[in-house]
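Chain and residue survey
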Amino acid sequence: LRRLQVLSPGFLPDVGLSGGSLRQAPCSSSPSKQEDSSDLVSVPPHLFRDAPVSSRSQYESLYSQSLGDPDGFWGGEAKCLFWKNPWDADRPVCAYNFDKRKGPIFVEWFRGGYTNVCYNAIDRHVDSGRGNQVAVLWEGNDPRFNARITYSELLRYVCQVANLLRSRGVKKGDRVCIYMPMILELPVAMLACARIGAIHSVVFAGFSAEALSGRILDCQSQVVLTCSAVRRGDKMLLLKEIVDEALQLCSQRSGFSVETCVVYDNETAVPRKNVAWQARDIWWQDAVRECSTSAEVEWMESEEPLFMLYTSGSTGKPKGVLHTVGGYMVYASTTFKYCFAPRKEDIFWCTADCGWITGHTYVVYGPLLNGTTSLVYEGVPAWPHPGRCWEIVDKYKVTAFYTAPTLIRSLQAYDKEHVKKFSRSSLRLLATAGEPINPKAWNWYFDVVGDRRCPILDTWWQTETGGVMLTPLPGAWPLKPGSATLPFFGVEPVVLDQQGKELKGPCEGYLCIRHPWPGIARTIYGDHKRYEETYFSTWLSYYNTGDGCRRDENGYITITGRVDDVINVSGHRISTSEVEAALASHPGCAEVAVVGFPHEVKGEGIYAYIIQMDGHTDRGELIKALKVLARKEIGGFAVPDVLHFVPGLPKTRSGKVMRNILRKIASNRTDLGDTSTLADPAVVSKIISSKM
Ligand code: WT7
């Protein structure tokens, strides 16, 4: 394995960001309604002559086939992958119920088929003679460090880790928690789990010990994989210490003890001898060295679980969204193929951390299932200089670059020179995901980064959808800045009004999806009732996305933002109620309400209204303590941007906090609507006048 070094930190864009688009109830007559960009942008199609879809009419016919004949369309796509046993031929590829009135909600794809995602992502390419192709390129936080691993080398490494997990008793169906930075070993760990049928639960290594312990307890993972420490930018993160604290919380809170903690020794960040050690801990490198480089594949029935990933909802604790083997694999592979039109020589760089769904689907599974070379970047995007991303693009001749709008907005603040001094001539495709991209950032990305040559795919999707749902296909139809344009194959979006009536033609409303697509999450781990309530209760018989949207005369869909109490900070999905719970736990806080507000770089920022407890006078101390609490209970990205001390909150007579009013005040809007129904209408002007 030609690994030069391994070190450090990892995550990517914690640069946060989220959305140029303002939260708004889509059906309300909101006067601040954001206007769509009316200009369509066409890109010379020559870069995509060999793309699987090259025109809108070709798309239309394939799209109707995908809806009208799912067996033909998805069966055909699934057959591009290897199945140990084919799925049952005597029933449809998909069985489901989306209507609670008819019984429990369920979705099944490719029932009776046996396959393995790791086998398809690695062995299949090695077996077909492509073992010497680079599977993963790794660029360290420190630009002097990098590594590359071919498909054959990756296969041996993954087998070793699979054997290591098996030797610690991990079997099919067991949960393995992965709390690692963006080192090569993170995808290796995920693939090793997939190989043996263990369910991975990757927890973003920016979450606190508190948040990590909640996730370990929820799914009872007996094994945790981590890394001693990592450098990220010029900061050091002591991950093993965070894991130790989390595991202590697990045993204090519910007597749960993790059996094995495998620690990757990142000696360039911290020497081995400085790492606190317990009986359950083993060093990754020592253990891997002892393991054989071949490992049997565990053949999995299509509907058996592949992984879970925690995400925030509008209420309650984070939920473990569960994806299954067959459907997720086919969806990851198919969306990657059509959206990114990969060629053999492509170098694909998705900047997402593997701690989020984008990293799962488009750093690891999508590219590897297609035999593409995927770049894993350990560091932060603008460090040590604002041109770092473009320097990496030139260094590895990256052909497709996929990131979050937040990153674009943060880089836009620097002089163009930081982009222009790198050639970027290898790029042919740009993409974004995770939050709305405002037309200004879109245009900067298109003009300055892409030299007006590269299409931008604004891809809309969610942790629960497994892969891209709305997106342009490169070169196939004109782009519209800020719009995710048209649905992917097999996805039938419907726009509903307040009463749940389907709207036709150009309209604005709530975005739902009619039928299942293969990548839809099957349940929330251990809480199927919550799954049914979250996604299938508001609008009966549709999957409810929680987003609002507009559709124009072209059929293009533009996402307007969440319509629930979820906010999107730098592409990180955060529940306002989780932040409220963290802040309210401080004895100096009598009451708290948290909302999102437009933030130039992060998309949305976190705005907390606080009623201070009587007698608690030191406001400066309280502010500091509240920030520490948010960091401790959730993570650094959940620290409020604004803490506003108020004398009261706007409530209805029944005591419900009117968050809509708070959102408008936080956004400096004056159209507060009718406040006369409030229990105390005077509170509104008091809040506004205390805002400075
Ligand atoms: C929420 C899902 C993209 C997967 C990673 C984030 C928002 C996502 C877009 C987009 C406008 C977007 C939505 C969605 N979102 N992509 N292209 N335009 N908004 O997954 O953390 O589950 O968040 O992100 O509000 O519901 P997630």
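Residues numbered from 1 in each chain as written. Predicted model: local features only at pLDDT ≥ 70, side-chain atom pairs only at ≥ 80, totals over all residues. Heavy atoms only, no water.

This is how it is decided: UniProt positions are given in the numbering used here, feature names are shortened, and annotations may be inferred rather than shown by experiment.
The protein is annotated in an unreviewed UniProt entry as Acetyl-coenzyme A synthetase of Selaginella moellendorffii. The record in UniProt for the protein states the following under Catalytic activity (unreviewed entry): "acetate + ATP + CoA = acetyl-CoA + AMP + diphosphate". A UniProt comment under Sequence similarities (unreviewed entry) is attached to the protein, and it reads "Belongs to the ATP-dependent AMP-binding enzyme family."

**Describing the pattern of salt bridges**
Working definition: two side chains of opposite charge can pair if their charged atoms are close together. Note the following rule: Any Lys or Arg side-chain nitrogen found within 4 Å of a carboxyl oxygen on Asp or Glu counts as a salt bridge. Runs of E in the DSSP output that reach at least two residues are strands. Runs of H or I that reach at least four are helices, and both are numbered from the N terminus. Relative accessibility decides the category of a residue: with a 1.4 Å probe and only protein chains considered, values under 20% of the type maximum give buried, values over 50% give exposed, and everything between is partly exposed.
This model, assessed by the stated rule, comprises 46 salt bridges. One salt bridge in this structure joins Lys317 and Asp218, with 3.2 Å as the shortest N-O distance. Residue Lys317 is located in the loop between strand 14 (305–311) and strand 15 (319–324), and its partner Asp218 is located in helix 6 (residues 209–219); the two are separated by 99 residues in the primary sequence. Note on Lys317: relative accessible area 55%, which makes it exposed. A salt bridge links Arg514 to Glu492, with the nearest nitrogen and oxygen atoms 3.1 Å apart. Taken together, the positions of Arg514 in the loop between strand 23 (507–513) and strand 24 (523–524) and Glu492 in the loop between strand 20 (456–459) and strand 21 (493–496) put the pair 22 residues apart, joining distant regions of the chain. Relative accessible area serves as the criterion here: at 19%, Glu492 is assigned to the buried category. Through salt bridges with shared partners, a single network forms among Glu139, Arg388, Glu391 and Lys395.

**Some details on the UniProt feature "domain: Acetyl-coenzyme A synthetase N-terminal" (unreviewed entry) in the protein**
The feature "domain: Acetyl-coenzyme A synthetase N-terminal" (unreviewed entry), as annotated in UniProt, sits at residues 59–121 in this numbering. Split by type, residues 59–121 is 38% helix and 16% strand. Its first and last C-alpha atoms lie 27 Å apart.

**A short note on the environment of Gly603**
By the secondary structure assignment, Gly603 is in strand 30 (residues 603–612). Judged by its relative accessible area of 2%, Gly603 falls in the buried class. The spatial distance from the C-alpha of Gly603 to the C-alpha of Pro405 is 8.2 Å, given a sequence separation of 198 residues.

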